[in-house]
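Here's the letter readout for the chains.
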Amino acid sequence: VQLQASGGGLVQAGGSVRLSCTASRTILSVFNSLNMAWYRQAPGKQREWVARITNGGITDYADSVKGRFTLSRDINRRRVYLQMNSLKPEDTAVYYCNAELRGSNSWGQGTQVTVSS
């Protein structure tokens, strides 16, 4: 599965950003089978899980983003969105899209989100 992430940028604390992850060249039946997630990696830190959406549409969030971030998906566009609101400087990181299919993982290229205080 090829993943393309986009939507990062520089935003002030309290602002919002929406990230997109597109599973390009993926037929509908495969996309519907994917469990997709976002991870992030801040400078000098390990990559951490942020949020996931299962192939059944169930979402789950890390405690640090719960209530502020929202995952959704557009099946027709083969796309998953991560809406990030009330951003904090500690949300600054490179965000990576992940897709899991029967134990096999694919990663997008990462998109930088920088939150200024």
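Everything below is about the structure shown above.
Anyway, here's the lowdown on the structure attached to this text.

What counts and what doesn't
Every chain begins its residue count from 1, and numbering advances along the sequence as written. Residues qualify for local features only when their pLDDT is at least 70, as the model is predicted, and side-chain atom pairs are given and counted only at 80 or more; totals for whole chains, interfaces and linings, by contrast, use all residues. Here the side-chain values reflect all heavy atoms present in the structure, with hydrogen atoms and water set aside. Note on exposure labels: buried denotes an accessible area under 20% of the residue type's maximum, exposed denotes more than 50%, and partly exposed covers the range between, all computed with a 1.4 Å probe on protein chains only. Only DSSP runs of H or I reaching four residues or more are called helices, and only runs of E reaching two or more are called strands; each is numbered from the N terminus. By definition, two strands form a pair when at least two bridges between them are found by DSSP. Here a salt bridge means any side-chain nitrogen of Lys or Arg lying within 4 Å of a carboxyl oxygen belonging to Asp or Glu. Lines fitted to the C-alpha atoms define the axes, with helices restricted to the stretch that makes contact. Angles between their N-to-C directions range from 0 to 180 degrees. Contacts are assigned to residue pairs that have any heavy atoms within 4.5 Å of one another.

### So, the pairing of strand β3 (residues 17-24)
1) Next: Taken across its 8 residues, β3 has 7 buried, putting it largely inside the fold.
2) Next: For strand β1 (residues 2-6) and β3, the ladder comprises 5 bridges, and the chain directions are antiparallel. Opposite Q4, over in β3, you have T22 as the bridge partner.

### Let's talk about the pattern of salt bridges
Two side chains bearing opposite charge may form a pair once their charged atoms approach each other closely.
1) Next: On inspection of all chains with the given rule, the structure shows 6 salt bridges.
2) Next: Here K66 and D63 are joined by a salt bridge, their closest N and O atoms 3.3 Å apart.
3) Next: Shared partners join several salt bridges into a network, and the residues in it are R40, E48, R68 and D91.

### So, the sheet that holds β1
1) Next: With respect to topology, 4 strands assemble into an open sheet ordered β1-β3-β8-β7, the strand pairing being antiparallel. The open sheet is flanked by β1 and β7 (69-74), the only strands paired with a single partner. Averaged over all neighbouring strand pairs, the angle between strand axes comes to 15 degrees, with direction disregarded.
2) Next: Bridge analysis of β3 against strand β8 (residues 79-84) gives 6 bridges, and the strand direction is antiparallel. Bridge pairing in β8 places L19 opposite L82.

### Comments concerning the pairing of strand β4 (residues 35-41)
For a regular strand, side-chain orientation follows a simple rule: the groups alternate between the two sheet faces.
1) Next: Alignment of β4 against strand β9 (residues 93-101), held across 7 bridges, turns out to be antiparallel. Counted as the bridge partner of W38 is C97 from β9.
2) Next: Note: β4 against strand β5 (residues 48-53), 5 bridges, orientation antiparallel. The residue bridging R40 from the neighbouring strand is E48, located in β5.
3) Next: Connecting β4 to the next strand, β5, in antiparallel fashion are 6 residues, including G44 with a positive phi near 75 degrees.

### Examining the environment of S6
1) Next: Summarising the element assignment, S6 is placed in strand β1.
2) Next: Along the primary structure S6 and A99 are separated by 93 residues, whereas in three dimensions their C-alpha atoms are 15 Å apart.
3) Next: Dropping the residues within four chain positions of it, S6 is found in contact with R18, L19, S20 and T111.

### Some thoughts on unusual backbone geometry
1) Next: In the Ramachandran plot, R25 falls in the positive-phi region, its phi being about 55 degrees despite a non-glycine side chain.
2) Next: Classification of R25 by relative accessible area gives exposed; the value is 78%.
3) Next: Backbone geometry places R102, a non-glycine residue, at a positive phi of 50 degrees.
4) Next: Relative to the helices and strands, R102 resides in the loop between β9 and β10 (104-107).

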